[in-house]
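Chain and residue survey
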Amino acid sequence: MPSPTQVVALLKAQNIRHVRLYDTDQAMLLALANSGIRVTVAVPNDQLLGIGQSNATAANWVARNIIAHVPATNITAIAVGSEVLTTLQNAAPVLVSAMNFIHSALVASNLDGRIKVSTPHSSSIIIDSFPPSQAFFNRTWDPVMVPLLKFLQSTGSYIMLNVYPYYDYMQSNGVIPLDYALFRPLPPNKEAVDSNTLLHYTNVFDAVVDAAYFSMSYLNFTNVPIVVTESGWPSKGDSSEPDATLENANTYNSNLIKHVLNNTGTPKHPGIAVSTYIYELYNEDLRPGSVSEKNWGLFDANGAPIYILHLTGAGMVLANDTTNQTFCVAKDGSDKKMLQAALDWACGPGKVDCSLLLQGQACYEPDNVVAHATYAFNAYYQKMVKAPGTCDFKGVATVTTTDPSHGSCIFPGSIGRNGTSVNGTILAPSSNSTSSGCPPKYFADVGSITSSVIVAFLLLMSVLL
């Protein structure tokens with residue numbers, strides 16, 4: 001995995017101003033120092049019981065993980081635990097105590113004005129999320145949710161909610177259309193309508209967020225904002241997960257970003273953007289579980305993009321190619337004569353250096369028109385700095401994020417074996433890991449609960465058990 005320094009370099013290069021850590025990894029906090037990036041850190045679940053039962057333990061945690069790093073590292077929020085009510089129910093009785101103890105330690109250090117305290121919840125704590133107006137939190141947790149919401153309200157904080165339309169879609173047994181989960185446009189007769197409010201819902205995400213708003217109002221809390229602390233779509237799955245694909249992951253995350261940046265808001269709160277953390281920055285090859293569990297990232301372990309987000313019309317939030325790693329290749333099924341003509345043009349009038357395609361040279365094999373055309377197309381594409389229209393060649397070429405290099409044939413724009421780039425910059429592979437010996441994992445954050453809407457990456461440095 002890329003080192004903390006390399007990750008921060010990527011965030012800064014993309015002007016990403018918010019990150020979220022799922023613990024307080026010291027190397028990452030140090031790397032983030034003086035970057036200006038706003039950081040949310042977390043109390044891991046395995047530390048929650050101790051902190052929730054001891055004010056002194058909470059104060060020591062704040063001194064060690066917060067006070068030691070601010071103001072150089074711009075820590076702005078602390079997530080106390082993660083999905084405690086649904087994954088660590090034995091700690092639920094001390095959750096609000098832990099939040100209060102952490103907050104008291106911040107008050108003692110005059111940091112409560114700049115650092116908010118909250119805790120992320122799974123959206124599964126909401127019962128019957130559609131129609132949203134009839135939604136309510138699982139009543140079992142009222143003894144926790146009521147004091148928790150009082151705490152958030154009194155401290156000016158926000159509720160953290162994890163929203164996964166992918167799982168809602170998968171678990172609906174065909175009731176939820178794929179387009180509805182992916183933010184794709186729907187004809188008016190396909191929109192979901194809340195019969196109580198007559199509000200129209202065009203996507204799962206908005207319906208779940210509004211269900212949370214209505215659930216809070218059911219408990220008489222109407223002024224606590226929502227931050228979506230996890231959302232995304234896997235790019236690969238096993239045979240039982242046919243909709244975990246590159247195209248769907250790209251569509252969901254691209255549409256989600258545009259939805260937030262356009263200040264669309266939700267039907268209940270139009271025009272109010274919902275800050276959203278995209279799950280996640282890197283794939284996790286070593287994560288246990290299904291194939292999809294390993295493939296939520298925007299980048300692979302070497303820092304190469306899994307796909308390029310489609311952000312046309314959303315503003316330059318992330319560069320179209322965050323690591324300069326796109327290539328031009330021959331399109332599958334193209335006519336061989338057209339490929340040969342395009343190859344001849346690239347190596348002639350196109351002024352591409354095709355010397356590596358000569359017999360005995362590194363890129364001669366495989367000796368066929370598809371392989372040779374791919375090399376020439378890509379060389380021209382890189383030479384033209386990937387300008388629009390430079391990877392077409394009358395329809396026989398296409399852009400890809402898959403490095404076509406093979407053996408000793410290293411294509412222009414490719415990562416070298418030591419992690420450097422033939423042209424441009426790339427995150428180099430790193431043997432760094434967390435203190436547990438487990439690789440760090442990362443997320444991404446979209447939006448801000450302030451009036452300015454921004455895109456940021458969220459970094460998750462948690463121990464994988």
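Here the structure is a predicted model, which means the values were calculated and not measured.

Section: the overall build of the protein chain
Scanning the protein chain from terminus to terminus reveals 13 helices and 18 strands. Burial analysis of the protein chain (465 residues in total) assigns 56% to the buried set. A fraction of 68% describes how many contacts in the protein chain between residues 6 or more apart in sequence connect residues 24 or more apart. Put simply, the protein chain shows about 19400 Å² of open surface, and 53% of that area lies on carbon and sulfur atoms.

Notes on the pattern of salt bridges
Counted according to the given criterion, the structure contains 4 salt bridges. We note a salt bridge from glutamate 284 to arginine 287, for which the minimum N-O separation is 3.7 Å. For the pair glutamate 284 and arginine 287, one class covers both residues: buried. Put simply, arginine 287 and glutamate 293 hold a salt bridge, and the shortest N to O gap is 3.2 Å.

Structural notes on the sheet that holds strand β2 (residues 38–43)
Read across the open sheet, the 4 strands follow the order β1-β2-β3-β4; overall the sheet is parallel. Whereas interior strands pair on both sides, the edge strands pair on one side only; in this sheet they are β1 (18–20) and β4 (116–118). Recorded for the sheet is a direction-independent mean angle of 20 degrees between the axes of neighbouring strands. Across 3 bridges, β1 lies against β2 in parallel orientation. Along β2, the bridge assignment pairs valine 19 with valine 39.

Some points on the pairing of strand β3 (residues 74–80)
The side chains of a regular strand alternate between both faces of the sheet. When you tally the buried positions in β3, you get 6 out of 7 residues, the bulk of the element. Across 3 bridges, the pairing between β3 and β4 is parallel. The partner of alanine 77 across the bridge, within β4, is lysine 116.

Digging into the packing of helix α12 (residues 336–347) against helix α13 (residues 369–383)
Between α12 and α13, whose axes approach to 9 Å, the crossing angle comes to 40 degrees. By the criterion of interaxial angle, the relationship of α12 to α13 is oblique. The chirality of how α12 crosses α13 is left-handed. Every residue of α13 that contacts α12 at Lys336, Leu339, Gln340, Ala342, Leu343, Trp345, Ala346 and Cys347 is listed here: Val369, Val370, His372, Ala373, Ala376, Phe377 and Tyr380. In the contact of α12 with α13, the residues fall into 12 nonpolar, 2 polar and 1 charged.

Concerning the state of the cysteines
Tallied over the entire structure, the rule returns 3 disulfides. Between cysteine 347 and cysteine 354 runs a disulfide, and the two sulfur atoms are separated by 2.0 Å. With the S-S bond torsion at -85 degrees, the cross-link from cysteine 347 to cysteine 354 turns out left-handed. Given the relative accessible area of 13%, cysteine 354 is considered buried. When the bonded cysteines of the protein chain are numbered from the N-terminus onward, they pair as 1-5, 2-3, 4-6.

Here's the deal with the packing of aromatic side chains
Using the criterion set out here, one finds 19 aromatic pairs in the structure. Taken together, a centroid distance of 6.0 Å and an interplanar angle of 35 degrees make the contact between phenylalanine 136 and tyrosine 218 tilted. Placement of the pair is phenylalanine 136 in strand β7 (residues 136–137) and tyrosine 218 in helix α10 (residues 204–218), with a sequence separation of 82 residues. For tyrosine 218, a relative accessible area of 48% puts it in the partly exposed group.

Looking at unusual backbone geometry
In this structure, the amide linkage connecting phenylalanine 130 to the following residue, proline 131, adopts the cis form with an omega of 0 degrees. Residue proline 366 is reached from glutamate 365 by a cis peptide bond, and omega for that bond is -5 degrees. Note on placement: proline 366 falls in the loop between α12 and α13. Phi is positive for aspartate 128, close to 55 degrees, though the residue is something other than glycine.

Focus on α12
Here α12 spans 16 Å end to end across 12 residues, near enough to the 16 Å set by a 1.5 Å rise per residue. Buried within α12 we find Leu339, Ala342, Leu343 and Ala346. For α12, the buried positions fall inside an angular range of 105 degrees around the axis, keeping them on one side. In this structure, the buried side of α12 is in contact with β13 (327–330) and α13. Its side-chain oxygen at 3.0 Å from the backbone nitrogen of lysine 337, aspartate 335 defines the N-terminal cap of α12.

Criteria and thresholds
Residues numbered from 1 in each chain as written. Predicted model: local features only at pLDDT ≥ 70, side-chain atom pairs only at ≥ 80, totals over all residues. Heavy atoms only, no water. Helix = DSSP H or I, 4+ residues; strand = E, 2+ residues; numbered from the N terminus. Buried < 20%, exposed > 50% of the residue type's maximum accessible area, 1.4 Å probe, protein only. Contact = heavy atoms within 4.5 Å. Areas by Shrake-Rupley, 256 points an atom, 1.4 Å probe, with all protein chains shown as cover. Salt bridge = Lys/Arg side-chain N within 4 Å of Asp/Glu carboxyl O. Pairing = 2+ DSSP bridges. Axes fitted to C-alpha atoms, helices over the stretch in contact; angles between N-to-C directions. Parallel < 35°, antiparallel > 145°, perpendicular 65-115°, else oblique. Left-handed = near helix turned anticlockwise from the far one by under 90°. Nonpolar A, V, L, I, M, F, W, Y, C, P; charged D, E, K, R; others polar. Disulfide = S-S within 2.5 Å. Phe/Tyr/Trp six-rings, centres within 6.5 Å; stacked < 30°, edge-to-face > 60°. Expected span 1.5 Å × (residues − 1). Arc of directions from axis to C-beta. Polar contact = N/O pair within 3.5 Å; in protein donor to acceptor, adjacent residues only side chain to side chain.

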